[in-house]
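Examination of the molecular architecture
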Amino acid sequence: MATADVVSAKKLVENLQTDLRALSNEAKKKYPPVKEAAEAGILRIRTVVAKNKDIIPALIACSGEIMQPFLLGCDTKNLRIVQICLASIQRLIAKQALSQEAGSNVVNMLWNLMDCGIEDLKVLQTTLVLVTTSTVVRGNALARAIVICFRLHFSKDNTVSNTASAIVQQVVCTVFERVLAEDAANAAGAEDHSFHQNSLKTNSRLPPKSLRPCATDAYLLFQDLCQLVNAEHPTWLLGLTEMSRTFGLELLESILNSFPQVFLRHKEFSFLLKERVCPLVIKLFSPSLKHKQNLMSTGPLVGDKPYFPLNMRLLRVVSVLINKYYSILVTESEIFLSLLVKFLEGDKPMWQRILALEVLHKLCVQLKLLRCFCLSYDMKTHSTKIFANIVNALGSFIQSLFVHPVVERQSALPGVNSGKDGLNSSPGVVGGMSLGGGVTPQPAFAYKGVWIPLINVAATGSARPVFLERLTEMKILVQVPGLSEALTTIYESINGKSFKGNFLEMLDKLEAPTVPDGYGLSIAFTCLLDVVRSVSTIVTSELEVEQRRKDQSGSKKMNGGTVLDRNDAVLEDVDPSLKSLWEELVNASWCGVLAALSLLLEACTDETGTESILKSLEVYASLCGKLGMTVARDAFITCLCKASLPPHYALTVLNIATPQNANILHKGHKRSISRDGLSNQQGQGSDGNANEPGDGRNQVVAVGTALPTVQGTQQGPVMLTAKNIQCMRAILSVAHCHGGILGTAWHMVLTTLQHLAWILGLKPSAGGSLKVSGAAETANSVITTAVMGELPILSAMLSRLFESSQYLDEVALHHLIDALCKLSTESMEIAYANKEPSLFAVAKLLETGLVNLSRVEVLWRPVTAHLLEVCQHNHGRTRDWGAEAITSLVKASLAYKFEPPLHENLKLQTMLLSPLQELSAIQHPDIRQRQLECVLQVLHNNGETLAHGWPLVLGVIGAVSDDQGDSLIRTAFKCFQLVTTDFLPIMPRYGLQICISVAAKFGLQKEELNISLTSVGLLWNISDYLYQNRVSISEGLVKEANLVEGTNDSSPNEAPVPPFDALWLTLYSKQADLCVDSRPAVRKSAGQTLFSTISAHGSLLQQTTWSTVLWHVLFPLLDKVKKLSGAAKQDKSDVSGGANILIHHSRDTAEKQWAETKVLTLAGVARVFNTWRQQLILLGDFPRAWALLLEHIESSALSTSNEVSLNALKSFQEILQLQASSPSPKVLEKAASLDTSMSAPKAEQIKRTTSGDNPKIMPQKQIESVMDDFTLWSTAWRVWHSIGINGTKPPTSKTAKTLPSQPFLTTLLQIFPTLFQHIKSKFVASDFQKLSRVLQCAVSVPIHADASPFLLPSSMQEAELTGLQEAALNAITCVSKAIGTSETMQSMHPAVFDQLLTFVTYACQAPSFGQIETRVMSKTASKQSAEYLHSWIQCKEKWESFRGSQQAEWVSMNYVPFAEKSLSMTTALYKKTATRQAVMEQQVLQNILRVLQMPLGLKYACPSATTWKLAVTSLLEILHIGLPVARNPTYNKHFKSMWLDLAAALECFLFSEHPAPLTLSVEEQQQDEAMDVKVVLLIQNEILPYSTALPPQFTAKIMGLLNRGSIHSANSSSFLDTNNSQLREEFAKTCFETLLRFSFITQSLVSEEGAITKMAMSALLQRCREVLSKYVEDERLSGKCPLPRSRMAEISFVLKALTTLMESLKKAHSGNVDVNTWEQVIDLYPTLVDCTTCTSTTVCSALRDVLSQYHDLLLPPSGAMQNGR
């Protein structure tokens, strides 16, 4: 414990003991209990001091006992004892030595004293100390303490009452200070946010549980105060029964004003604000809202009269609520603000309106509040436009003072500033006469006979400047960036914060005071200026912040003034919400501000006040302009312009409506139009302000004539007042300081200035400045001496205005020029009506141009373009001034020292001289004369610097057109020929481009064909000149690079083209333009020249230039040719161009002529791609160029013109030769020859090689990397496929005029192998399907009958593959080879087989091409087939003749060689791929067998005998390879369904339904039979030995075939048929031997094989029985006629077969022959006996042999019997 605290505690103990002794002495006689208690207290204090070192805490612990004597003493009501006790209690309280219980006892004691009226002041003092020194008194005790103070406040003793009033306020503040301390102590702790508004609404008597103790007390206190003001009973301050509303409102205001932290931090207090205070205020405002006052009387009409003290305090509370608690009372503030606006209405008492004005004034200077108002209300969709209403209310208030001036005088003292008529009158006028000199009239506003003084608000309330000082600050604030924040702070501290409304501070007034005359208008005017300043400050400061942010981020600053005076891109980077806020601030206020200020401007009689208003208008116009609010900006500018001209004159000139600015937003108050006439100027008007008493600003200072306008000319003189001149100065100031934001408003400003200058007699002079005209010209003008002295100043201000245009940014400068041009156009329209026009605009255009030569590029074109229009005017003086202006500008610009110098800037010099060249198109002689004079002066003065004068000369020469006539064209062309012949060496190098352009112009003219063709030759000569002088030209162009860069053909996204290359690009571009000329001769000559030039001189181009050649020359040329050729006519009308020239039939239409151009162009571009592939491949956009070229090739290939389509494919074929290899020897040889023909030395070659200009062989790897790009070749593949599909698409009808030609199709298919080499790595099955479709369609296309003799063979023996068919097979071959060498492509083998097999079917069945009807012209080897075909053709021809068909006939191709070649390829391919997995899985072998069934089955019916023979041979070869694979147990699952197809194929061939022709020779029959035998041998060697692994059904079919073929029978049943040539004896023998070989009689058999053997034996014996029975029957029927030789041979073979069979049966192992077999053999015996009647020796011999075999069967041997068991 500190020493000081110990001393203080000891002193406290001593004092307490002393007080207790004194108390004991006073009470020992009358109050013994008090005496005893005092003595006990002394003992208790001594004990505490003795036992405790810390005395104060010990005293607190026993404070109840220590306080007991004092409490008992107070209960005695003895004055002396009470005083002693209260003093002691105050000591304990002061030392904070009381406990909470003791504090409650003290409060109860004080309550008792208060009830008894004893020592009221001491009671108040003790209560104050008790509450303020510590927090021991809380809750209900605190409430009782506060009630004590409140009740004493209502004491009848004034001293007690006043003291209690002060203590109440202090105690209330202390309660809330406790909350602040409690919040500070618990700042780090978590607060209880469990706050529920519903609980507070339902049970308001209980405090919120979420509050801490001190906050709870404050909450209950504030709640009871609200209830007391609302005339309700308190819930906490029990015992308080009354309190005045004024005192309650003062307490509420004090709390709200002093402790906003409490209400903002605690939601419970915020709840009280919303639920208690705000409704209370609104309720108390109700009488004031209902009260209405008659404008013409002094008494109220509706409702009770508002009570001034209550209304004043309510408004003070409202002011605090809005200022301090707006963030939580947004909705309530909207209501309050609406009430304030309503209080300004005219039906309210003036003092109430003044109170509302003072509150609004406090709000208007709060920038943050205004900003929030706009955000929360005006920017919300369905909210009240509060800010706009405030501004409009101010304007309405100001207007009402002039419309109903008596209202303001209702509370004024009679006779003060009042005239005899009851209306206000100027103190400077007495009896209608002005006061004498030396008297300065008071600033005032005078309007329609109403005079209202403008008083200084500081005189009645604060030291506050009203207008002049304020606007000076505002002007500085607006115009000086960087000072806004400092000045804003100063302004607020001096003018905003220090202002205290007079009426709001009158707390002691019980009645409304009188309103000084002019006070309301002055306050409203001040508020209006505050609004202007606040809005300006908000937008300005935030704009400056954004500007600094943008500058810090590196944004480029534009030429101009301050932030507000620059129309730059700051707003583009601003947050849209922030920009919207600015716009809404201005948008919500500008109408009201404009309405009020325009009225005040018209009514103001003081120069200083007028200046204030003008500056405010200027500020708002600037703000609107910067925010892009053109309507608002134009409205303020219109107001200024209107004020600078006489009223009626302004209406005519500015074309504006009747001025009712003051009534923009206010109903019921209309202003009359001020009259403008000589009578008004003389003081006779009563409807305007021209003669307002005491208004010196409306004195006429100048009289002039009216300027003619489009609407008409005003009759009579026009008079200007001093205010007009002041407004003119303001307009000049606006245009000078804020020209960057005027935009389209420049036109109105300049129109006003033009009229003012005309009225004042200012005329244009040399250089564009204005001077006072002579006396003769101003005969009708009257100008006072004062104004005459000002005219030079005004003229200088006008000149400075346009001189300041050099500080405007480019956009603003364009607006100024556009306004001048528009103004000049209006003057030109006036001149057309033979009226004297004003030359103001032309003169100022000249003046503007002269001061902006430093950025002449910005203004030159619009200025000179308009001046050229002026030069074409019919009015002589107008045209003369236009020529004067344009020539002066040209001469001044050429003499101006530009950086870089003008002679080094081709573009600039060309632009400056172009107006002179354009003057040539004007037919007026005087203009031409001035043009030539100017050119002469330029040559004299600037000839040495006119290095770029040649473009002007060449431009004049090249200004040729078809309407000039051939004579002029020939003359001009001679001049050009002279230039190209003699002056090319001395011409500046950049002029060569212009020469090329001029040559192209002559080539494009249509008057002279010879000139056009000669121009093409001149272009070739120019190219030779460029090539031969490339060193000097290149060096010259490098020096003049900046001049050439402006004319090259490269786009901004491409790399800059070297100057020398740009020259070539121009040449190529112009030649390309000639390539699409409408005349075929010019097109052909230009095309040949273009591609020859590129081929010959392309080596001079750098690598990067080739890209420009492609995209700016070649591809645009292809596009144009494609477009024009597509639009060409197909008729033969006027294709010779009007000349009598014979034209070949291939060129007799425009379409055919354009087809030639198309072929030439496409071939030329393809040749460029091929010739200069080394340069093109390395271009970054080569893939895109490649794809585009392929698109053109695709489009051309699908053309209906055979010439175009075929040549397109040739071009396709040519560009596919692009290989990643070195140039061919031919190319190198050509390059060498070109090098040797060059005249330049070797050093120059070395230089160009090092610079990369010469073509050089690129590194192999680099080229390969480009060429390996699959996207290139995938595009080519897509194009090829598209051409193939679309080009071979079959027609849907049965007829067609044209079909793809064979050369076209052949070329298309020949392209594929080359293309495939690049795409094979990515070639997939789907791609092969696309290829297959193209191949099938291509080979299916028929040919025209007229061309068939040249394409089809005369006989089948001469047939061979056509080029198309060979190309198709080559395509399949190259794919097949690629598949064989690639593991990833193995799955494509089946697809290849399918395609080849499809081609194989064409041998027997030619493909159809859609629905086209075709006929066959090929001849077969079979005469029978030929006869059938011939008869069919004859029938068809007769039918067609009968129908009268005029359709073209189409003939199918001969597909036999093609199909046979395909079959051979199939066989060879299968031999290689039989064991491939994909081949087996896809059942390729089965597919082959199915396809071969047709030629094998047709056999002799095939169109060619070679077909089926090749089919058999191929089948044998394929089966020799395929059968072992099929039998392999590993793969046999893939061949399960193949065996039946194999059996069917063998059956179709061995037993064909088409017999051999009768004309077949024996040798041919033997050869054919030998092939049948080969098939049986295949069965014998490759099938039957492995029958156990084969399907039983298949084996049965094979056995059936062998049985069928083992015994041959005659096909004819005629007895006379002696031809046995068709009997295949050898074949039958082979079949029989095969059956015997595999009968297994001599072998040991298993069960399955035994079944097959039995089946074979049974079938063989049954067959023999049938033949023998048939023979016996036929012989009996034939009688003596012998049977045919074939039948005899058949029976002989059967007998021999039986002999062999029986011998084999006898030799068989036991068990191999069953009883049924022997029974069948024995059953044959009777039939054999029947055959013994035959007379044929051969048959008899065979019969004897077989019967001899039965010898052993007559007595069966023992072995046979065993076998027969």
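Residues numbered from 1 in each chain as written. Predicted model: local features only at pLDDT ≥ 70, side-chain atom pairs only at ≥ 80, totals over all residues. Heavy atoms only, no water.

1. A closer look at the overall build of the chain
Operational definition: By definition, any uninterrupted DSSP run of H or I lasting at least four residues is a helix, any uninterrupted run of E lasting at least two residues is a strand, and each is numbered from the N terminus. For every residue, the accessible area (1.4 Å probe, protein chains only) is compared with the maximum for its type, and the residue is labelled buried under 20%, exposed over 50%, or partly exposed between those bounds. Here a residue-residue contact requires only that any non-hydrogen atoms of the pair lie within 4.5 Å. Surface accessibility follows the Shrake-Rupley procedure with a 1.4 Å probe radius. Residue values consider only the protein chains on display as shielding.
Counting its secondary structure elements, the chain contains 74 helices and 14 strands. Within the chain, the proportion of its 1765 residues that are buried is 53%. Contacts spanning at least 24 positions in sequence make up 76% of the contacts within the chain whose residues lie at least 6 apart. Accessible area of the chain: about 76400 Å², with a carbon and sulfur share of 53%.

2. Topic: helix 45 (residues 1080-1097)
Formally: By definition here, a helix of n residues has an expected span of 1.5 Å times n minus one.
With 18 residues, helix 45 extends 25 Å between its outermost C-alpha atoms, agreeing within 8% with the 26 Å of an ideal straight helix rising 1.5 Å per residue. Along helix 45, the positions that sit buried rather than exposed are Val 1082, Arg 1083, Ala 1086, Gly 1087, Thr 1089, Leu 1090, Phe 1091, Thr 1093, Ile 1094, Ser 1095, Ala 1096 and His 1097.

3. A few points about the pattern of salt bridges
Note that side chains of opposite charge can pair when their charged atoms are close. Inclusion rule: By salt bridge we mean one thing: a side-chain nitrogen of Lys or Arg within 4 Å of a carboxyl oxygen of Asp or Glu.
Under the criterion given, the structure shown has 28 salt bridges. A salt bridge links Lys 348 to Asp 347, with the nearest nitrogen and oxygen atoms 3.3 Å apart. Taking relative accessible area as the criterion, Lys 348 reaches 1% and is therefore assigned buried. Where salt bridges share partners, they join Glu 611, Lys 615 and Glu 618 into one cluster.

4. Observations concerning the sheet that holds strand 7 (residues 700-704)
Here is the rule we go by: Pairs of strands are assigned from DSSP output, requiring at least two bridges between the strands. Note on geometry: axes are lines fitted to C-alpha atoms, helical ones only across the stretch in contact, with angles between N-to-C directions running from 0 to 180 degrees.
The sheet built from 3 strands is open, its strands ordered 8-7-11 with antiparallel pairing. Two strands lie at the open edges of the sheet, namely strand 8 (718-721) and strand 11 (782-783), each paired on one side alone. Note that strand 7 and strand 8 share 4 bridges and pair antiparallel. Across the sheet, the residue bridging to Val 703 is Met 719, located in strand 8. On the sheet, helix 29 (residues 722-737) packs against strand 7 and strand 8 and is oriented at approximately 75 degrees with respect to strand 8.

5. What about the nonpolar core?
Buried together is how nonpolar side chains tend to be arranged in soluble globular proteins. Worth spelling out the cut-off: We define a nonpolar core as any set of buried Ala, Val, Leu, Ile, Met, Phe, Trp, Tyr and Cys residues linked to one another through side-chain atoms lying within 4.5 Å.
One finds Phe 176 and Phe 402 to be the most contacted residues of the largest nonpolar core, which totals 295 residues. Considering every element that reaches this core, the biggest residue donor is helix 24 (residues 576-603), with 16 residues. Phe 402 has contacts with Phe 445, Tyr 447, Val 450, Ile 452, Leu 521, Leu 599, Leu 600 and Ala 603, leaving out every residue within four places of it along the chain. Counting 182 residues, the second-largest nonpolar core is a separate cluster that includes Leu 1162, Leu 1305, Leu 1309 and Trp 1508.

6. A closer look at the state of the cysteines
The following threshold applies: Here, a disulfide means two cysteine sulfur atoms that sit within 2.5 Å of each other.
What the rule picks out here adds up to 0 disulfides. Of the cysteine sulfurs around Cys 226, a residue in no disulfide, the closest is that of Cys 278, at 9.6 Å.

7. Points about the pairing of strand 5 (residues 444-447)
Burial along strand 5 is two-sided: the residues Ala 444 and Ala 446 and Phe 445 and Tyr 447 are all buried. Linking two consecutive strands that pair antiparallel, namely strand 5 and strand 6 (residues 450-453), is a turn of 2 residues; a positive phi of about 55 degrees is found at Lys 448 within it.

8. Digging into the environment of His 1554
Inspection of the secondary structure puts His 1554 in the loop between helix 65 (1538-1550) and helix 66 (1562-1583). The partly exposed category is assigned to His 1554, whose relative accessible area is 31%. Spatially, the C-alpha atom of His 1554 lies 6.1 Å from that of Tyr 1500, the residues being 54 residues apart in sequence. Ignoring any residue separated from it by four or fewer positions in sequence, one finds His 1554 in contact with Gly 1497, Leu 1498, Tyr 1500 and Ala 1501.

9. Things to note about the packing of helix 50 (residues 1202-1215) against helix 55 (residues 1302-1319)
The condition that has to hold: If an angle is under 35 degrees, it is roughly parallel; if it is over 145, roughly antiparallel; if it lies from 65 to 115, roughly perpendicular; otherwise it is oblique. Should the near helix be turned anticlockwise from the far one by less than a right angle, the crossing is termed left-handed; should it be turned clockwise, right-handed.
Helix 55 packs onto helix 50 with a crossing angle of 15 degrees between their chain directions and a minimal axis gap of 9 Å. Our classification of the angle between helix 50 and helix 55 gives roughly parallel. Considering how the two elements wind past one another, helix 50 and helix 55 form a crossing that is left-handed. Taken together, the residues of helix 55 that come into contact with helix 50 (itself represented by Ser 1205, Leu 1206, Leu 1209, Lys 1210, Phe 1212 and Gln 1213) are Pro 1303, Phe 1304, Thr 1307, Leu 1308, Gln 1310 and Ile 1311.

10. Some remarks on the confidence of the model for the chain
Basically, it comes down to this: As a per-residue quantity, pLDDT reports the predictor's confidence and falls between 0 and 100.
Mean pLDDT over the chain works out to 76, with 76% of the residues at or above the 70 mark. Counting interchain partners and residues more than four positions distant, the pLDDT-below-50 stretch residues 295-303 has 20 contacts. For residues 1418-1448, every residue scores under 50 in pLDDT, and the model assigns this stretch 25 contacts once sequence neighbours within four places are set aside.

11. Some words on the packing of aromatic side chains
Two measures describe an aromatic ring pair: the distance that separates the ring centres and the angle between the ring planes. What counts is decided by this rule: Aromatic rings from Phe, Tyr and Trp, taking only the six-membered ring of Trp, are treated as a pair when their centres fall within 6.5 Å; an angle between ring planes under 30 degrees marks them as stacked, one over 60 as edge-to-face, and anything in between as tilted. Lysine and arginine charges are scored as sitting over a ring when NZ or CZ, respectively, is within 6 Å of the ring centre and within 35 degrees of the ring normal.
One pass over the structure, following the stated rule, counts 45 aromatic pairs. Measuring from ring centre to ring centre gives 6.1 Å for Phe 176 and Phe 269, while their planes differ by 65 degrees; the resulting arrangement is edge-to-face. Highlighted residues: Phe 176 in helix 9 (residues 158-185) and Phe 269 in helix 14 (residues 267-284), separated in sequence by 93 residues. Per residue, the accessibility class of Phe 176 equals that of Phe 269, and both read buried. Plain terms: the ring middles of Phe 1316 and Phe 1323 are 5.0 Å apart, the flat faces sit at 85 degrees to each other, and that makes the pair edge-to-face. Here Phe 1316 matches Phe 1323 in class, with each residue buried. Of the aromatic side chains, those joined through ring pairs into one cluster are Phe 176, Tyr 219, Phe 222, Phe 259, Phe 263, Phe 269 and Tyr 325. When the ring centre of Trp 1111 is taken as reference, the NZ or CZ atom of Arg 1184 above it lies at 3.8 Å. Sitting above the plane of the Tyr 1586 ring, Arg 1527 keeps its charged end 3.8 Å from the centroid.

12. A word on unusual backbone geometry
If a residue is not glycine, its phi is most likely negative; likewise, a peptide bond is most likely trans. The residue after Glu 899, namely Pro 900, is reached through a cis peptide bond having omega 0 degrees. Despite not being glycine, Lys 77 shows a phi value in the positive range, around 65 degrees. Judged by relative accessible area, Lys 77 falls into the partly exposed class, the value being 35%. Here the phi dihedral of Glu 119 falls at roughly 50 degrees; this positive angle occurs in a residue that is not glycine. On the secondary structure map, Glu 119 appears in the loop between helix 6 (100-116) and helix 7 (120-133).

13. Focus: the environment of Cys 821
Its location among the elements puts Cys 821 in helix 32 (residues 810-832). On the accessibility criterion, Cys 821 (12% relative accessible area) is buried. Sequence separation between Cys 821 and Val 863 is 42 residues; the distance between their C-alpha atoms is 7.7 Å. If we skip the residues at most four places from it in the chain, Cys 821 touches Leu 845, Pro 862 and His 866.

14. Digging into the packing of helix 54 (residues 1270-1287) against helix 56 (residues 1325-1340)
For any two helices packed against each other, one specifies the inter-axial angle together with the distance between the axes. Under the convention used in this document: When residues are sorted by character, Ala, Val, Leu, Ile, Met, Phe, Trp, Tyr, Cys and Pro go into the nonpolar class, Asp, Glu, Lys and Arg into the charged class, and all the rest, Gly among them, into the polar class.
Orientation of helix 54 relative to helix 56, taken along the N-to-C sense of each, is 35 degrees, at an axis distance of 9 Å. Remark: the crossing between helix 54 and helix 56 carries left-handed chirality. Contact with helix 54, carried on its side by Trp 1277, Trp 1280, His 1281, Gly 1284 and Ile 1285, involves Asp 1327, Lys 1330, Leu 1331, Arg 1333 and Val 1334 of helix 56 and no other residues of that element. Among the residues forming the contact of helix 54 with helix 56, the class breakdown is 5 nonpolar, 2 polar and 3 charged.

15. Description of the pairing of strand 6
Side chains Val 450 and Ile 452 project from strand 6 onto one buried face, and the interleaved Trp 451 and Pro 453 project onto a second face that is buried too. Note that strand 5 and strand 6 share 4 bridges and pair antiparallel. Directly across from Ala 444, in strand 6, lies its bridge partner Pro 453.

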